[in-house]
Amino acid sequence: VFQMDSSISMVFHDVCLVNNQMEIIAQSFWKILRIDIEKIKNRHYEQLLVHNIVQGSACALRKDVFDVACPFPTEAIHDEWLALEAITVGKLVPVSTVLMKYRQAENIIGGTPLSFHKKIIKWTINIHSSMQAHYNEVTRRNHILKVYCDRICKNKKQILSSDVISLYLSFLEARIEGMNYNKLRICMNLFLYFKYYKCDIAIKFFIKDLLSFGHSR
């Protein structure tokens, strides 16, 4: 792929998820992440603001991506940061083929989702820890995108408009403020959840933000 197009900075491929017995539990990790591959192919990378879509073990990149990415922010996950930096160097290209089996155990982060029933049980066992983890991830993501926005503005290399990033950052900050101080702020921004997330994800994040009020401090 790199040989065919010198403007490509990173490629990533799909994987299938297997359990400890190497039995397939999901044919496509991309379907679990609900990646809009056509948008990525057309260089519409807004999905990268919402969540990481690249697995470190399922990607390849040019050295100049790593050079630009350094130093990594302390809070950054390596593959999410490399993907963000890759689009400042060139194209991020998906390879729509399953090229690897990814062994998944006990529903760790990034793997196949728990059933709704199991999620309810998990949340109710320790609601405080669950909501604290949710709050921490929103604040972490907010910090990473702030650092990223500052870098691309400074280097004047933009694929994602700094205005687009700033608007999403404003929404994240409103979510954080709502979780910290004001449930009403969360409710007032309900329509923005549906602007940035798919319907079921929007509802999930909205409910989690409400439940995180008081657990975030």
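This text goes with the structure placed above it.
Each chain carries its own residue numbering, running from 1 in the written order of its sequence. The model is predicted, so local features are restricted to residues of pLDDT at least 70 and side-chain atom pairs to those at 80 or more, both for listing and for counting; the totals for chains, interfaces and linings are taken over all residues. Think of the side-chain values as coming from all heavy atoms in the structure, minus any hydrogens and water.

(A) Main features of the overall build of the chain. In this text, helices come from DSSP runs of H or I with a minimum length of four residues, and strands from runs of E with a minimum of two, each type numbered from the N-terminal end. Within the chain, the regular secondary structure consists of eleven helices and four strands. Burial here depends on accessible area, computed with a 1.4 Å probe over protein chains only, as a share of the maximum for the residue type. Under 20% is buried, over 50% is exposed, and the range in between is partly exposed. Within the chain, the fraction of its 217 residues that count as buried is 40%. Carbon and sulfur atoms make up 58% of the accessible area of the chain, which totals about 12100 Å². Note that accessible areas follow from Shrake-Rupley with a 1.4 Å probe, and for residues the cover is restricted to the protein chains shown.

(B) Local environment of helix α11 (residues 199-212). A helix is expected to span 1.5 Å for every residue after the first. A rise of 1.5 Å per residue sets the reference length of α11, with its 14 residues, at 20 Å; its end C-alpha atoms lie 20 Å apart and thus fit the reference within 8%. Inspection of α11 places Ala202, Phe205, Phe206, Lys208, Asp209 and Ser212 among the buried residues, and these make up the whole buried set. Looking straight down α11, one finds its buried side chains confined to an arc of 165°; they lie on one side. Positive phi shows up at Gly214, right after α11, with a value of about 90°. The arc in question is formed by the directions pointing from the helix axis toward the C-beta atoms.

(C) Fine view of the packing of aromatic side chains. Centre distance within 6.5 Å is the pairing criterion for rings of Phe, Tyr and Trp, where only the six-membered ring of Trp is used; planes under 30 degrees apart are then read as stacked, over 60 as edge-to-face, and the remainder as tilted. Using the criterion set out here, one finds twelve aromatic pairs in the structure. Ring plane angle 55° and centroid distance 5.4 Å describe the contact between Phe12 and Trp30, whose orientation is recorded as tilted. Taken together, the positions of Phe12 in strand β1 (residues 8-18) and Trp30 in helix α1 (residues 29-33) put the pair 18 residues apart, joining distant regions of the chain. A relative accessible area of 8% means that Trp30 is categorised as buried. Here the aromatic rings of Phe171 and Tyr196 are separated by 5.3 Å at their centres, their planes lie at 20°, and the arrangement is stacked. Taken together, the positions of Phe171 in helix α8 (residues 162-180) and Tyr196 in helix α10 (residues 190-196) put the pair 25 residues apart, joining distant regions of the chain. On the basis of relative accessibility, which here comes to 2%, the residue Phe171 falls in the buried class. The structure contains a cluster of three or more aromatic residues connected by ring pairs, namely Tyr168, Phe171, Tyr193, Tyr196, Tyr197, Phe205 and Phe206.

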